Amino acid sequence: MMCPTTRLLIASLLAVTAGACEPGKAAGPGNFIGDARRGPDLIKQYQCGSCHEIPGIAGADGNVGPPLHRIGTRTYIAGYIQNSPDNMADWIENPQRALPGNAMPRMGIPQRDARDIAAFLYTLK
Ligand code: HEC
């Protein structure tokens, strides 16, 4: 018999390794929904607006990447990746892992921030 603590430890280790082996699924089930209210400040902090036009964000009028108008209802991210909250958070966290060689740089955005930004982008319909 395994004691409950051992069992719990094994279960959490399995969960961690399973997550690590699944590219494109950085956001776990418990972290599915980000906080959209943090989005605008984070978008300013990471200066997404230097490359993107983003509705509702003052000064976000960049023209390096596509405008993010109605990105919340777009079918594909970057024309390749199915648009879902998980995939969007993953894209923001590391666009080079999501679609190697595309022109959006990896900016070292932590997963939580990426999810909050994704939640905000989903309000753009
Ligand atoms: C240095 C410029 C640059 C910065 C900074 C940047 N992006 Fe991008 N982004 C791009 C480019 C270029 C693309 C187009 C990639 C492609 O389609 O291959 C893109 C694509 C995207 C897309 C997909 C758009 C679509 O129409 O499918 C989203 C969403 C996005 N960026 C969000 C962000 C967010 C959020 C930030 C800030 C955290 C950010 N970007 C910062 C250059 C940038």
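Structure first, text after, so check above.
This structure is a prediction, so every number in the text was calculated from the model and none was measured.

Chemist: Quick question: what am I supposed to make of helix H5 (residues 111-121) here?
Modeler: Within H5, nine of the eleven residues are buried, leaving the element largely enclosed by the surrounding structure. Among the residues of H5, those classed as buried are Asp 113, Ala 114, Arg 115, Asp 116, Ile 117, Ala 118, Ala 119, Phe 120 and Leu 121.

Chemist: Help me understand helix H3 (residues 85-93) in this model?
Modeler: A turn of α-helix holds 3.6 residues, and therefore any two residues three or four places apart point the same way. Within H3, eight of the nine residues are buried, which leaves it mostly tucked inside the rest of the structure. Buried residues of H3: Asp 86, Asn 87, Met 88, Ala 89, Asp 90, Trp 91, Ile 92 and Glu 93, and no others. Among the structural elements, strand S1 (76-77), strand S2 (81-82), helix H4 (95-98) and H5 are those in contact with the buried residues of H3.

Chemist: Any chance you could explain the pattern of salt bridges here in plain terms?
Modeler: Pairing of side chains with opposite charge becomes possible as their charged atoms draw close. Applying the stated rule across the entire model yields six salt bridges. Notably, a salt bridge pairs Asp 90 with Arg 97, separated by 2.8 Å at the nearest N-O pair. Under the relative-accessibility criterion, Arg 97 is labelled partly exposed at 38%. Several salt bridges share partner residues, and in doing so they unite Arg 38, Arg 112, Asp 113 and Asp 116 into one network.

Chemist: Could you clarify how one ought to interpret the environment of Ala 118 in this entry?
Modeler: Assignment of secondary structure puts Ala 118 in helix H5. Separated by 26 residues in the primary sequence, Ala 118 and Ile 92 place their C-alpha atoms 7.5 Å from one another. Leaving out residues up to four positions away in the same chain, Ala 118 has contacts with Pro 85, Met 88, Ala 89 and Ile 92.

Chemist: I tried to follow the environment of Met 104 on my own but got confused; where do I start?
Modeler: Following the sequence through the fold, Met 104 ends up in the loop between H4 and H5. Accessibility expressed as a relative area gives 18% for Met 104, which makes it buried. With residues near it in sequence (within four places) discarded, Met 104 still touches His 52, Trp 91, Pro 95 and Gln 96.

Calculation criteria
- Residues numbered from 1 in each chain as written.
- Predicted model: local features only at pLDDT ≥ 70, side-chain atom pairs only at ≥ 80, totals over all residues.
- Heavy atoms only, no water.
- Buried < 20%, exposed > 50% of the residue type's maximum accessible area, 1.4 Å probe, protein only.
- Helix = DSSP H or I, 4+ residues; strand = E, 2+ residues; numbered from the N terminus.
- Contact = heavy atoms within 4.5 Å.
- Salt bridge = Lys/Arg side-chain N within 4 Å of Asp/Glu carboxyl O.

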